[in-house]
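Architecture at a glance
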Amino acid sequence: MSELKPYVHLQDQDLTDPSHAADASLTDKEYEMAVSILGRTPNKLELGIIGSMWSEHCSYKSSRAHLARLPTEGPHVLQGPGENAGIVDIGDNWGVCFKVESHNHPSFIEPFQGAATGVGGILRDVFTMGARPVAAMNLLRFGEEKHAKTAHLMKGVVAGIGHYGNCFGVPTVVSNVAFDSSYNGNILVNAFAAGVVKHDGIFLGVAEGVGNPVFYVGAKTGRDGIHGATMASDVFDEDSEQKRPTVQVGDPFKEKLLLEACLETFKENLLVGIQDMGAAGLTSSSFEMASRAGGGISLDLDKVPMRETGMTPYEIMLSESQERMLLVAEEGAEQRLKEIYGKWDLDCIQIGRVTDDGCVRLNWHGEEWGVLPARALADEAPKYHRPYEAPKSALRLAEEDHRLFLQKKPDDVVDDLVGSGTLASKKWVTSQYDHTIGAGTRIGPGQAGAALVEVPQCGKTIAVAIEADGRKGLANPRECGRRAVANGVLRLAATGARALGLSDCLNYGSPENPRIMWQMVEGIDGIADAGKALEVPVVSGNVSLYNETDGTAVLPTPTVATVGVHEDPDQAVGFHQMQPNDVLVLAGWSATEVEGSEAIHASLKTNVGHVKDWDLGDVATLSDWTRAAVKSDKVHAAAVVEQGGLSFAALRLALASQTGVHLHLPEHLIPENGDGLHGVLFGEDKPSVLLAVSKEHVAELRSSASALPLEVIGQVSTDENFSVHAGQDRVVQKPLKELQQLFDRTIPEVVA
Amino acid sequence: MTVAIIRFPGSNCFRDSLHVMQNVVGAKTVEVWHQDVALPADTQSIFIPGGFSYGDYLRCGAMAAHQPIMAAVKDFAEKGGKVLGVCNGFQVLCEVGLLPGALMPNHHGLFACDVVGLEAVGTSDGFMRGYETQEQIQLPVAHHDGNYFASEEIIQALEADKRVAFRYIAKDADGHGTLNGSRNGIAGIIGGPNRNVLGMMPHPERRSESRLGGQDGLPLLKTLAENL
């Protein structure tokens, strides 16, 4: 912060030189736009605020035009995008409030604190809406398993997430972790939280009621995280680690106190509105709250509780110190608010009032240091229709790679899958998260593709899953978005749960590159297609751009968190409860092609090639049938056929249930396109679900399936092997114990 | 006849413990705030739940041990009243001197969340009467500092007096728990003048309902609500 010059007052400034714009990460055009909105040149304080509010991170200026195409409405939606988090109705006057958000840039620079504060931020987004957090998840993407930085980053990120979530006291029930060289210089840390709230207990971030007092509650403001939002809106280069001081430091204990204090105030009709001070801190919270209410706020910045001496208005407005909230209270609530926050050892200070002039006014010891229009900064930021362009030729699997893969013995491909970082057991990760606190985790990490958390306070069982398969996005970014939604819906269905809503977190490189912009536009359209076809609206989300270093962008990674309910949790199934005499039934359409599948990368570390579109009507049929089948109590275990294909789905069941599996592939399932056995075992070009059921229920299930293909393709075995027969030939035979060891030791070796 | 559940700032397992004691065990419960100086008159037993009291700052349980309510808890225990400390509650009981030894950081340095096999050892004690002798049970664990440590003399005395309540089944070549490195695989110990204080790292309240995979924790929590 050595660059900061002494402040200039409105009356005696001379900042007509647009080179000041660069200090605030504004382009010359954006600077001119700001000048024209204000009708004068901004001073340094105002310029810093405009720069943060109009950063990509806060304004979504490159994505807003496209995000408008996402489906955001539906019979279950109680709160769509635009608030701190979205809410869907789960019945009996209860809603589930949730959001997924990125903390990629800070986590690369300082993995422990970066990831920890990512968790803290998303938890606040949820409880600021009035909801007590009941489940957390994350999606993490690291560089290659053997890359020099991967172990350090992974250890720091996982420990940071655990530290924050465990101390706060929320069960972290899913961790989706994958590796790819494109993330070597830009890891992804996407954190999700969900909470439950009564319909009449929802709070919004609005500054309504002229004259109402504005309170600052929570931790004190320090100099940490200043310019965090602009840092997160920039590409990295070799000097990026010098940005360490812009990473915030989290205090999960303080956040736990803040949660309990906020929930107490919610019960007492003291508040008009509340908002977390997240990215761009006091700036974004005050401008957004004023803008939503169509009014203004006047703030006395000298009253803000400060952790350090000598802080300036500029630092106060742009600090991203954690565990702070901005409250708009009813007149007369001050005494009671102070009692509640005092009980929890937290500051609660009136720092301003709601006004009706549409401006945020910033005062410092009685003098006005800045005046900016709330709506223009919060909702009328620059909006770019950046050019986008598809690659001239479609990405295909190289012929040589295709041939090499088909030459591999299926036994060896199975080893490659189980021993790949992306598909190996994540127990090293999830054992660092408290996933049983809350006494409600019905299905936890590694037990299914989704997790189920029963919430005693409302008697509902929440189902959650999180997914993004960036390798599919390189050739077909639209299908990548569609699959993220489809897989989420199917994963929930495979436990017996129904998906009700989505939250998305779009991770891409620089939008100023038309190819990257194309990936994002396609990804959004993919989520939109599948969201509409499967009737799951997007109710919250976040966009993280500029995830690139020295010109290398991350794989297009449209993270989708799927949230729903399980109406009959006693019938829920995961991977882990196959019974000795079960047969394995493949419901849906068996795969035919290896191109586009994870196995290609697991075996050859190469591009997977083109990815075929799934028929979303088929996905809807499959998920509806699967959910009904599971709820009918005829299914003991189920796994969606996704990364690693049918073979890996069967292995998940075998490993989790600790029992051998024999697959017998009927001749007619072996495709005649040349990919043969490899196609059906490792392909992912069609949607299907593998179910373990009692033999006597097969006929009944078959009759309920009508048009949906249903094929008995194997059985549980007692010989503790994983084996596959195609016709008369035995094509795979692996001792389960050997596979279990490989499955378990891969990640510990990555971090060793 | 009431179970007093102590609540410190950061007692994350307070709500779970309250839920199980009230709705599963069927006990009468009362929340006791850390700033209170006295226990309710009809307190029959005390439950110090898990969590991160004071964010584990300074040392797990160290700050909680110095809060006003702890003088009353100590007095209650020293007069023979039943006190159960789970996870962070165990750490608090050690810090306040009601139980010997200390919980050090896990030997591998990582937080450990899992469901582990335990042997119920001290079954002659009132607290443990819901279990068969050397019954093997499964309970969830979730801690960063669960590595039980005490001097050789104390460990020997605990073993000689049969004050080890629970032991991790999985042990390394030195007999320490593989989960966290704890001496002799100790997961829980008994103390107090009348063998009336129990501290344990595993969470009985997270496995007291069949919907959560088992009820191995329930016999223990039931005895907390009964007379010794």
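Residues numbered from 1 in each chain as written. Chains lettered and ligands numbered in written order. Predicted model: local features only at pLDDT ≥ 70, side-chain atom pairs only at ≥ 80, totals over all residues. Heavy atoms only, no water.

**What about the overall build of chain B?**
Within chain B, the secondary structure is distributed over 5 helices and 11 strands. Against the globule reference of 17 Å for 228 residues, chain B gives a C-alpha radius of gyration of 16 Å, in line with a compact fold. Along the first, second and third principal axes, the C-alpha atoms of chain B reach 50 × 35 × 30 Å. Expressed as a percentage of contacts within chain B between residues at least 6 apart in sequence, the contacts between residues at least 24 apart total 74%. (Helix = DSSP H or I, 4+ residues; strand = E, 2+ residues; numbered from the N terminus. Rg over C-alpha atoms; globule rule 2.2 N^0.38 Å. Contact = heavy atoms within 4.5 Å.)

**What about the packing of aromatic side chains?**
Here the structure, examined in full by the defined rule, presents 10 aromatic pairs over all chains. Seen from their ring centres, Phe 203 of chain A and Phe 266 of chain A are 4.4 Å apart, and the 25 degrees between their planes marks the pair as stacked. Of this pair, Phe 203 of chain A sits in the loop between β6 (188-198) and β7 (213-218) while Phe 266 of chain A sits in helix α10 (residues 252-266), and the two are 63 residues apart along the sequence. We note that Phe 203 of chain A, like Phe 266 of chain A, is buried. Feature note: the residues Phe 253 of chain A together with Tyr 54 and Tyr 57 of chain B constitute an aromatic cluster, connected by ring pairs. Sitting above the plane of the Trp 33 of chain B ring, Lys 343 of chain A keeps its charged end 4.7 Å from the centroid. (Phe/Tyr/Trp six-rings, centres within 6.5 Å; stacked < 30°, edge-to-face > 60°. Buried < 20%, exposed > 50% of the residue type's maximum accessible area, 1.4 Å probe, protein only. Lys NZ or Arg CZ within 6 Å of the ring centre and 35° of its normal.)

**Focus: the sheet that holds strand β3 (residues 94-102) of chain A**
Residue and element names in this part refer to chain A. In space, the 6 strands of this open sheet follow the order β1-β2-β3-β6-β4-β5, with mixed pairing throughout. In the strand order of this sheet, the two ends are held by β1 (77-79) and β5 (172-179), each with one partner. Neighbour to neighbour, the strand axes of the sheet diverge by 25 degrees on average, direction disregarded. As defined by bridge partners, β3 adjoins β6 across 9 bridges and the pair is classed as antiparallel. Its bridge partner lying in β6, Val 96 is registered against Val 196. (Pairing = 2+ DSSP bridges. Axes fitted to C-alpha atoms, helices over the stretch in contact; angles between N-to-C directions.)

**Things to note about the sheet that holds β7 of chain A**
All names here are of chain A. Reading across the sheet, the 7 strands line up as β8-β10-β7-β11-β9-β12-β13 and stay open at both edges, with mixed pairing between neighbours. Either end of the sheet is taken by a strand with one partner, and the two such strands are β8 (271-276) and β13 (367-373). With strand direction ignored, the average angle separating the axes of adjacent strands in the sheet is 25 degrees. Looking at chain direction, strand β12 (residues 359-364) and β13 are connected through 6 bridges and run antiparallel.

**Some remarks on the confidence of the model for chain B**
This prediction gives chain B a mean pLDDT of 94; 99% of its residues lie at or above 70. For this predicted complex, the interface score ipTM comes out at 0.96, alongside a pTM of 0.94. (pLDDT = per-residue confidence, 0-100.)

**Looking at the interface of chain B and chain A**
Of the residues lining the interface, 24 residues belong to chain B; the matching set on chain A comes to 30 residues. Surface buried jointly by chain B and chain A totals about 2300 Å² across both partners, of which 58% is contributed by carbon and sulfur atoms. The largest share of the area that chain B buries against chain A comes from Asn 12, Cys 113 and Arg 211 of chain B, three residues that together contribute 25% of it. Linking chain B to chain A there are 4 salt bridges. (Buried area = accessible area lost by both parts, 1.4 Å probe. Salt bridge = Lys/Arg side-chain N within 4 Å of Asp/Glu carboxyl O.)

**Description of the confidence of the model for chain A**
A residue-level look at chain A finds 94% of positions with pLDDT of 70 or above and a mean pLDDT of 93. Contacts from residues 1-15 of chain A, a stretch scored under 50 in pLDDT, to residues over four places away or in other chains number 32 contacts.

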